[in-house]
Amino acid sequence: WLDAFGAEDQERVAKACRSSDPHDRISIDLKGVIREEEGHLYLHVVMIAALDSDGDVEGYYCFVRDVTQRIK
């Protein structure tokens, strides 16, 4: 799903995941794909780590809210 964002935002997400504790909730604002007629899509993303039975991160649950109208 990171392909929907530019390289800078992809790196921000990756850095946030690498630097957070597995029990942290990650909250980040991103500029998404370009809508041809409307410009950028702005998103607020909250990620929570999915842990395996050993407590290691095996992925993330991601909750995404379109905040484009609020930003405009």
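Residues numbered from 1 in each chain as written. Predicted model: local features only at pLDDT ≥ 70, side-chain atom pairs only at ≥ 80, totals over all residues. Heavy atoms only, no water.

A. Region of the structure containing the environment of Ile-48. Summarising the element assignment, Ile-48 is placed in strand E2 (residues 39-51). Using a relative accessible area of 35% as the deciding quantity, one classes Ile-48 as partly exposed. Counting along the chain gives 31 residues from Ile-48 to Cys-17, while the straight-line C-alpha distance between them is 9.5 Å. (Helix = DSSP H or I, 4+ residues; strand = E, 2+ residues; numbered from the N terminus. Buried < 20%, exposed > 50% of the residue type's maximum accessible area, 1.4 Å probe, protein only.)

B. Molecular detail of the environment of Gln-69. Here Gln-69 lies in helix H2 (residues 68-71). Judged by relative accessible area, Gln-69 falls into the exposed class, the value being 61%. In sequence terms Gln-69 and Arg-18 are 51 residues apart; their C-alpha atoms lie 30 Å from each other.

C. The arrangement of the pairing of E2 in detail. Pairing geometry for E2 and strand E3 (residues 57-66), over nine bridges, is antiparallel. The partner of Ala-49 across the bridge, within E3, is Tyr-60. Hairpin connection from E2 to E3: five residues lie between these consecutive antiparallel strands, with Gly-55 at a positive phi of about 85°. (Pairing = 2+ DSSP bridges.)

D. Structural view of the side chain of Ser-20. With respect to the helices, strands and loops of the structure, Ser-20 is situated in the loop between helix H1 (7-19) and strand E1 (25-35). Reaching out from Ser-20, the side chain makes a polar contact with the backbone oxygen of Cys-17 at a distance of 3.3 Å. If sequence neighbours within four positions are ignored, Ser-20 has contacts with Ile-26 and Tyr-60. (Polar contact = N/O pair within 3.5 Å; in protein donor to acceptor, adjacent residues only side chain to side chain. Contact = heavy atoms within 4.5 Å.)

Just geometry here; none of it tells us what the structure is for.
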